[in-house]
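The chain contents come next:
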Amino acid sequence: MRKRPATKRSHRPDPIYGSIAVGRFINYLMKGGKKSTAEKVMYEAMEILKRKVKEEEPLAVFEKAIENATPQQEVGSKRIGGANYQIPREVRPDRKFVLASRWIIQAAQKKSGKPMAEKLADELLAAHNNEGDAIKKKQDVHRMAEANRAFAHFAR
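We now turn to the structure provided with this report. These figures come from a predicted structure and were not determined experimentally. (Residues numbered from 1 in each chain as written. Predicted model: local features only at pLDDT ≥ 70, side-chain atom pairs only at ≥ 80, totals over all residues. Heavy atoms only, no water.)

### Observations concerning the overall build of the protein chain
Test applied: Helical segments are the DSSP runs of H or I of at least four residues, strand segments are the runs of E of at least two, and each set is numbered from the N terminus. Note on exposure labels: buried denotes an accessible area under 20% of the residue type's maximum, exposed denotes more than 50%, and partly exposed covers the range between, all computed with a 1.4 Å probe on protein chains only. Each accessible area value is a Shrake-Rupley result obtained with a 1.4 Å probe; residue values ignore everything except the protein chains displayed when judging cover. Within this scheme the basic residues Lys and Arg register as positive and the acidic residues Asp and Glu register as negative, but His and the chain ends are omitted. Where a charge lies is defined by one atom per residue type: Lys uses NZ, Arg uses CZ, Asp uses CG and Glu uses CD.
From N to C terminus, the protein chain includes six helices and two strands. Listing every helix and strand of the protein chain by position from the N terminus yields α-α-α-β-β-α-α-α. In terms of overall dimensions, the protein chain has a C-alpha envelope of 55 × 40 × 30 Å along the principal axes. Taking all 156 residues of the protein chain together, 38% fall into the buried category. Only carbon and sulfur atoms are counted for the fraction: they give 49% of the accessible area of the protein chain, which is about 10,100 Å². Here the protein chain contributes 33 positively and 19 negatively charged side chains, and the mean placements of these two sets differ by 11 Å.

Quick look at the structure:
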């Protein structure tokens, strides 16, 4: 017997920008339940963005970075007749933001030698300009989906 489907959570906006997207991003940035540390890192990164990009609001830069890093397609594995196939499929709307945020955070964490706020600001700025590791990851996922388009008929 199946369990009932998971309920959708309502997300709270962050206190400074009043943006639900920033609030969710802070939650993904958080480690070990230390939300105040994650907020501090995020808001410092936004201040750095404000200094680096004078003509645009940091919130607009953040939203554009997320939009640029958002994937349209991904591949999922499916076992058919004893073989595993990578089947391309559209990314669900609620999953798009999660993937983009995760890739930006992981790209920032991979760098070394600077405080996390600076690395995050650099990665957000790179994603805003369609550069950086998060954009490279998105392109790799799209390339893999395109390469496996022959198996799209297996999708349900």
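### Details of the packing of aromatic side chains
Heads up, the rule is: Aromatic rings from Phe, Tyr and Trp, with only the six-membered ring used for Trp, were paired whenever their centres fell within 6.5 Å, and each pair was classed as stacked if the ring planes differed by under 30 degrees, edge-to-face if by over 60, and tilted otherwise.
Scanning the model with the defined rule gives three aromatic pairs in all. Consider the rings of Phe-25 and Phe-62, whose centres lie 5.2 Å apart with planes at 85 degrees: the pair is edge-to-face. Residue Phe-25 is located in helix α1 (residues 20-29), and its partner Phe-62 is located in helix α3 (residues 58-69); the two are separated by 37 residues in the primary sequence. Each member of the pair, Phe-25 as well as Phe-62, carries the same accessibility label: buried. Geometrically, the ring pair formed by Tyr-28 and Phe-97 is tilted, given 6.2 Å between the ring centres and 45 degrees between the ring planes. Taken together, the residues Tyr-28 in helix α1 and Phe-97 in helix α4 (residues 93-110) connect sequence positions 69 residues apart.

### Quick word on the environment of Pro-5
Locating Pro-5 in the fold gives a position in the segment before α1. Note on Pro-5: relative accessible area 67%, which makes it exposed.

### Observations regarding unusual backbone geometry
A negative phi angle characterises most non-glycine residues, just as the trans form characterises most peptide bonds. The phi torsion at Asn-130 lies on the positive side, around 60 degrees, for a residue other than glycine. Tracing the backbone through its elements, the reader meets Asn-130 in the loop between α5 (116-128) and α6 (132-147). By relative accessible area, Asn-130 is classed as partly exposed at 47%.

### Some words on the pairing of strand β1 (residues 73-80)
What counts, and what does not: Each pair of strands is called paired provided DSSP finds at least two bridges between the two strands.
As defined by bridge partners, β1 adjoins strand β2 (residues 83-90) across eight bridges and the pair is classed as antiparallel. Its bridge partner lying in β2, Gly-76 is registered against Ile-87.

### A short note on the layout of surface pockets
This is how it is decided: Whether a set of points on the 1 Å grid over the protein atoms alone is a cavity depends on a 1.4 Å probe fitting there but being unable to get out, while an open set qualifies as a pocket with protein on both sides within 12 Å along at least five of seven lines; lining residues are those with an atom within 4 Å of a point. Grid points are joined across faces, edges and corners, and a volume is the space filled by probe spheres set on the points. For this classification, the nonpolar set comprises Ala, Val, Leu, Ile, Met, Phe, Trp, Tyr, Cys and Pro, the charged set comprises Asp, Glu, Lys and Arg, and every other residue, Gly included, is treated as polar.
Roughly 430 Å³ of internal volume is contained in the largest pocket. Every element with two or more residues in the lining of the largest pocket is listed here: α1 and α4. Taken together, the residues that form the lining of the largest pocket break down as three nonpolar, four polar and six charged.

By themselves these figures say nothing about function.
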